[in-house]
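# Descriptive analysis of the structure
Each chain, written out:
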Amino acid sequence: MSARVSETTIRVRYAETDQMGVVYHARYLDWCDVARTEYLRDHGASYRDLAAGGLLLAVVDAPVPRRAPAAY
């Protein structure tokens, strides 16, 4: 079984950074949600479709490994 892949590009906005231009850590979770939404769209589904079918996507843990901080 091959893995389904989707790629999403997000541009850092100034409002998402601190005074040194580094992205505030909680923004990564917002971006994960954007990526999840785009993944569903790319594969013919949506949150609305899933909810209508009784499937809800709850986040219970969110380890977000990073190589380096994102910056503006």
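Above: the structure in question.
Residues numbered from 1 in each chain as written. Predicted model: local features only at pLDDT ≥ 70, side-chain atom pairs only at ≥ 80, totals over all residues. Heavy atoms only, no water.

### Considering the pattern of salt bridges
Side-chain pairing between opposite charges can occur once the charged atoms of the two side chains come close. Across all of its chains, the model carries 4 salt bridges by this definition. Arg36 is the partner of Asp33 in a salt bridge, and the nearest nitrogen-oxygen pair spans 3.4 Å. With Asp33 and Arg36 both in helix α1 (residues 27–42), this residue pair falls 3 residues apart, about one helical turn. According to the relative accessible area criterion, Arg36 is partly exposed, its value standing at 27%. Linking Glu38 and Arg41 is a salt bridge whose minimum nitrogen-to-oxygen distance equals 2.8 Å. Linking Glu38 with Arg41, this pair stays in helix α1, spanning 3 residues, or about one helical turn. (Salt bridge = Lys/Arg side-chain N within 4 Å of Asp/Glu carboxyl O. Helix = DSSP H or I, 4+ residues; strand = E, 2+ residues; numbered from the N terminus. Buried < 20%, exposed > 50% of the residue type's maximum accessible area, 1.4 Å probe, protein only.)

### Side note on the packing of aromatic side chains
This structure, assessed with the given rule, holds 2 aromatic pairs. Arranged with centres 5.4 Å apart and planes meeting at 75 degrees, the rings of Tyr14 and Tyr72 form a pair that is edge-to-face. Here the residue Tyr14 occupies a position in the segment before α1, and Tyr72 occupies one in the segment after α2 (47–52), the gap between them amounting to 58 residues. Among the residues examined, Tyr14 registers a relative accessible area of 59% and is labelled exposed. Against the face of Tyr28 rests Arg66, its NZ or CZ located 4.8 Å from the ring centre. (Phe/Tyr/Trp six-rings, centres within 6.5 Å; stacked < 30°, edge-to-face > 60°. Lys NZ or Arg CZ within 6 Å of the ring centre and 35° of its normal.)

### Quick look at α1
Along its 16 residues, α1 runs 23 Å from first to last C-alpha, staying within 8% of the 22 Å computed at 1.5 Å per residue. Within the sequence span of α1, burial applies to Tyr28, Trp31, Thr37 and Leu40. On its buried side, α1 packs onto α2. Where α1 ends, the next residue or the one after it, Gly44, has phi of about 80 degrees, a positive value. (Expected span 1.5 Å × (residues − 1). Contact = heavy atoms within 4.5 Å.)

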